[in-house]
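Commentary on secondary and tertiary structure
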Amino acid sequence: GQNIDQPTEMTATEGAIVQINCTYQTSGFNGLFWYQQHAGEAPTFLSYNVLDGLEEKGRFSSFLSRSKGYSYLLLKELQMKDSASYLCAVRGRGSTLGRLYFGRGTQLTVWP
Amino acid sequence: DGGITQSPKYLFRKEGQNVTLSCEQNLNHDAMYWYRQDPGQGLRLIYYSQIVNDFQKGDIAEGYSVSREKKESFPLTVTSAQKNPTAFYLCASSADRGDQPQHFGDGTRLSIL
């Protein structure tokens, strides 16, 4: 089976740094994606990791450890507009290649 | 402008009625997907298609049907067999490469009258 866990809610203040963790147990692994979703809107792609290590994209970074089944999304210099749900998703292998398995999402609230 | 178009944005279904949600993409993507999202929940896969005239069931296919007669189009029918259809439905597409993300439409919110 597939199991992807992330915290349900997190809060932080404007200008701070927040780390959103994601752990996964899947029958195959072919990459991990992070998406941002504002309430009532479509998810938008943030980052992709397939090899171990850190990928940096402006204020957002994503880290992957395949041996630990672990990833995190790091958001720096938080802004009010970063208040959203952050979804972790793992891509399958073999017969399930192409589909993503999503976690339930982490609702981040940024306070002024 | 390339993208994915879902229609309608809001849809109401009467008891015992089938309804069809439209999804069209002009990104030339081979793969298309339908997800259901309930409040406070992640995305659950209903059906997906990696090529024209072929599709696979996802995790919650019961009460739903799809077709993929054209590369650009992947309509979802919510049948009367789906007893709890109220949800936010998202369509997505992706290129046929493992490192390419799925791109999402703006969603259709379905409610029961």
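Just above, that's the structure.
Below is a short write-up of the structure. (Residues numbered from 1 in each chain as written. Chains lettered and ligands numbered in written order. Predicted model: local features only at pLDDT ≥ 70, side-chain atom pairs only at ≥ 80, totals over all residues. Heavy atoms only, no water.)

1. A word on the layout of surface pockets
- Roughly 470 Å³ of volume is contained in the largest pocket.
- Surrounding the largest pocket, 23 residues form its lining, Gln37, Asp38, Pro39, Gly40 and Gln41 of chain B being those nearest its centre.
- Secondary-structure elements contributing two or more residues to the lining of the largest pocket are strand 9 (84-91) of chain A together with strand 9 (87-94) and strand 11 (108-112) of chain B.
- The greatest single-element share of the lining of the largest pocket, amounting to three residues, is contributed by strand 9 of chain A.
- Taken together, the residues of the lining of the largest pocket break down into seven nonpolar, 12 polar and four charged. (1 Å grid on protein atoms, 1.4 Å probe; cavity = no way out; pocket = protein on both sides within 12 Å on 5 of 7 lines; lining within 4 Å. Points joined across faces, edges and corners; volume = space filled by probe spheres on them. Helix = DSSP H or I, 4+ residues; strand = E, 2+ residues; numbered from the N terminus. Nonpolar A, V, L, I, M, F, W, Y, C, P; charged D, E, K, R; others polar.)

2. Side note on unusual backbone geometry
Residues and elements named next belong to chain B.
- In this chain, Ser7 is followed by Pro8 through a cis amide linkage whose omega measures -10°.
- Note that Pro8 resides in the loop between strand 1 (4-7) and strand 2 (10-13).
- The phi angle at Asn53 is positive, at roughly 65°, despite the residue not being glycine.
- Checked against the element boundaries, Asn53 lands in the loop between strand 5 (43-51) and strand 6 (54-57).
- Under the relative-accessibility criterion, Asn53 is labelled exposed at 61%. (Buried < 20%, exposed > 50% of the residue type's maximum accessible area, 1.4 Å probe, protein only.)

3. Some thoughts on the sheet that holds strand 1 of chain B
All names here are of chain B.
- Pairing is antiparallel in the open sheet, where four strands are placed in the order 1-3-8-7. If you trace the sheet from one side to the other, it starts and ends with strand 1 and strand 7 (64-66), each paired once. Strand after strand, the sheet turns through a mean of 20° between neighbouring axes, direction not considered.
- Pairing between strand 3 (residues 19-25) and strand 8 (residues 76-78): three bridges, direction antiparallel. Across the sheet, Thr20 pairs through a bridge with Thr77, a residue of strand 8. (Pairing = 2+ DSSP bridges. Axes fitted to C-alpha atoms, helices over the stretch in contact; angles between N-to-C directions.)

4. Things to note about the state of the cysteines
Residues and elements named next belong to chain B.
- According to the stated counting rule, one finds two disulfides over all chains in the structure shown.
- Note that Cys23 is cross-linked by a disulfide to Cys91, the S-S spacing being 1.9 Å. Residues Cys23 and Cys91 are joined through a disulfide that is left-handed, its torsion about the S-S bond being -75°. Here Cys91 lies in strand 9 and Cys23 lies in strand 3, a separation of 68 residues in the sequence. Grouping residues by exposure puts Cys23 and Cys91 together as buried. (Disulfide = S-S within 2.5 Å.)

5. Concerning the nonpolar core
- If you look at the biggest cluster of nonpolar residues, it comprises 22 residues, and the most contacted ones within it are Leu32, Trp34, Leu75 and Tyr86 of chain A.
- Broken down by secondary-structure element, the contributors of at least two residues to this core are strand 3 (18-25), strand 4 (32-37), strand 7 (60-65), strand 8 (70-75), strand 9 and strand 11 (106-111) of chain A.
- Leaving out residues up to four positions away in the same chain, Leu32 of chain A has contacts with Cys22, Tyr24, Ser47, Tyr48, Asn49, Leu64, Ser71, Cys88, Ala89 and Val90 of chain A.
- Val19, Cys23, Met32 and Cys91 of chain B belong to the second-largest nonpolar core, a separate cluster that totals 20 residues. (Core = buried A, V, L, I, M, F, W, Y, C linked by side-chain atoms within 4.5 Å. Contact = heavy atoms within 4.5 Å.)

6. Quick look at the side chain of Arg99 of chain A
- As for its placement among the helices and strands, Arg99 of chain A is situated in the loop between strand 9 and strand 10 (100-102).
- Here the side chain of Arg99 of chain A touches Asp59 of chain B through a polar contact of 2.8 Å, side chain to side chain.
- Setting aside residues up to four positions removed in sequence, Arg99 of chain A forms contacts with Val90, Arg91 and Gly92 of chain A together with Tyr33, Leu45, Tyr48, Gly58, Asp59 and Gln102 of chain B. (Polar contact = N/O pair within 3.5 Å; in protein donor to acceptor, adjacent residues only side chain to side chain.)

7. Some points on the pairing of strand 5 of chain B
Residue and element names in this part refer to chain B.
- Pairing of strand 4 (residues 31-37) with strand 5, which is carried by six bridges, proceeds in the antiparallel orientation. Note on strand 5: the bridge partner recorded for Trp34 is Tyr47.
- The hairpin formed by strand 4 and strand 5 contains five residues between the paired strands, and Gly40 there has a positive phi angle of roughly 70°.
- As judged from the three bridges shared by strand 5 and strand 6, these two strands associate in the antiparallel manner. Bridge pairing links Ile51 to Asp54 in strand 6.
- Hairpin connection of strand 5 to strand 6: two residues between the antiparallel strands, including Asn53 at a positive phi of 65°.

8. Here we look at the interface of chain A and chain B
- Contact residues are listed per partner, giving 21 residues for chain A and 24 residues for chain B.
- Contact between chain A and chain B buries roughly 1700 Å² in total, counting both sides, with carbon and sulfur atoms accounting for 50%.
- The largest per-residue losses of area from chain A upon contact with chain B belong to Arg99, Phe102 and Arg104 of chain A, which jointly make up 31% of the total buried on that side.
- A salt bridge links Arg99 of chain A to Asp59 of chain B, with the nearest nitrogen and oxygen atoms 2.8 Å apart. (Buried area = accessible area lost by both parts, 1.4 Å probe. Salt bridge = Lys/Arg side-chain N within 4 Å of Asp/Glu carboxyl O.)

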